[in-house]
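Okay, here's what each chain looks like letter by letter:
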Amino acid sequence: MSTLKEILTRRPVAATIRLTVPAGGAKPAPPVGPALGQYRLNLMAFCKDFNARTQKYKPDTPMAVTITVFRDNTFEFNIKSPSVTWYLKKAAGVENGSSRPGHVTASTITLKHVYEISKIKQSDPFCQYMSLESISKSIIGTANSMGIKVQKDLD
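The rules behind the values
Residues numbered from 1 in each chain as written. Predicted model: local features only at pLDDT ≥ 70, side-chain atom pairs only at ≥ 80, totals over all residues. Heavy atoms only, no water. Salt bridge = Lys/Arg side-chain N within 4 Å of Asp/Glu carboxyl O. Helix = DSSP H or I, 4+ residues; strand = E, 2+ residues; numbered from the N terminus. Buried < 20%, exposed > 50% of the residue type's maximum accessible area, 1.4 Å probe, protein only. Axes fitted to C-alpha atoms, helices over the stretch in contact; angles between N-to-C directions. Left-handed = near helix turned anticlockwise from the far one by under 90°. Contact = heavy atoms within 4.5 Å. Nonpolar A, V, L, I, M, F, W, Y, C, P; charged D, E, K, R; others polar. Phe/Tyr/Trp six-rings, centres within 6.5 Å; stacked < 30°, edge-to-face > 60°. Lys NZ or Arg CZ within 6 Å of the ring centre and 35° of its normal. Core = buried A, V, L, I, M, F, W, Y, C linked by side-chain atoms within 4.5 Å. Expected span 1.5 Å × (residues − 1).

K.L.:
Please set out the pattern of salt bridges residue by residue, giving values where relevant.
P.N.:
Following the criterion strictly, the structure yields 3 salt bridges and no others. Between R53 and D49 there is a salt bridge, with the nearest N and O atoms lying 3.6 Å from each other. Separated by 4 residues within a single helix, R53 and D49 lie in helix 3 (residues 43-53), roughly one turn from each other. Exposure remark for R53: the relative accessible area of 42% places this residue in the partly exposed category. We classify D49 as partly exposed; its relative accessible area is 32%. For D124, the salt bridge identified is with K121, shortest N-O distance 3.1 Å. The two residues D124 and K121 agree in class, both being buried.

K.L.:
Explain the packing of helix 4 (residues 84-92) against helix 5 (residues 111-121) to me, and be specific about the residues and the numbers.
P.N.:
Where helix 4 meets helix 5, the closest approach of the two axes is 11 Å, and the angle between their N-to-C directions is 150°. As helix 4 packs across helix 5, the resulting crossing turns out to be right-handed. Contacts between helix 4 and helix 5 pair V84, Y87, L88 and A91 from the former with H113, I117, I120 and K121 from the latter. Residue classes in the contact of helix 4 with helix 5 are distributed as 6 nonpolar, 1 polar and 1 charged.

K.L.:
Explain the packing of aromatic side chains to me, and be specific about the residues and the numbers.
P.N.:
Scanning the entire structure with this criterion turns up 6 aromatic pairs. Judged by centre distance (5.7 Å) and plane angle (25°), the rings of F46 and F50 are stacked. Pair noted here: F46 and F50 are both in helix 3, with a separation of 4 residues, about one helical turn. For the pair formed by F46 and F50, the shared burial category is buried. Ring pairing ties together the aromatic residues F46, F50, F75 and F77, which thus form one cluster. Positioned above the aromatic ring of F77, the side-chain terminus of R53 is 4.1 Å from the ring centre.

K.L.:
Which residues make up the nonpolar core, and what values do they have?
P.N.:
F46, F50, V65 and I67 are the most contacted members of the largest nonpolar core, which totals 18 residues. Sorting the residues of this core by element identifies strand 1 (13-22), helix 2 (32-37), helix 3 and strand 2 (62-70) as the ones contributing at least two each. One finds V84, A92, V114 and I139 within the second-largest nonpolar core, a separate group that totals 13 residues.

K.L.:
Could you give an account of helix 6 (residues 132-146), with specific residues and numbers?
P.N.:
In this model helix 6 runs 21 Å from its N-terminal to its C-terminal C-alpha over 15 residues, within 8% of the 21 Å that 1.5 Å per residue would give. On the buried face of helix 6, the contacting elements are helix 4, helix 5 and strand 5 (148-151).

Set out below in structure tokens:
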């Protein structure tokens, strides 16, 4: 239950914007500019802050960002790590998954790859209370649906 002070100090939310922006590559050009410009936000402040927070990632890594816009033209944003499918494609060394998963295998990865991806995803806010085993099972399911085979070890 919220206290009266928390209720009175909440700022009214004008919008929630979801974008996928390359790490360290936020510019006031599309797609960032038009999305934030229609809410009259400071584009350069967002770009500088986003690029500073994502400089530990390799350039052109797609980062999912959720921007909460308030009525007084201020904003907050949360950055998630890249999607599991992006990590699986990088680990398997393929551009796309299989066009017929279950019938045609696009590539093969090991359980070590799955473990490394699940350790990275465990730092996400939505996965931080999940066990490493359940995150790994989810990643294996995603790999199967992409046509990527998971082996215990490469021969």
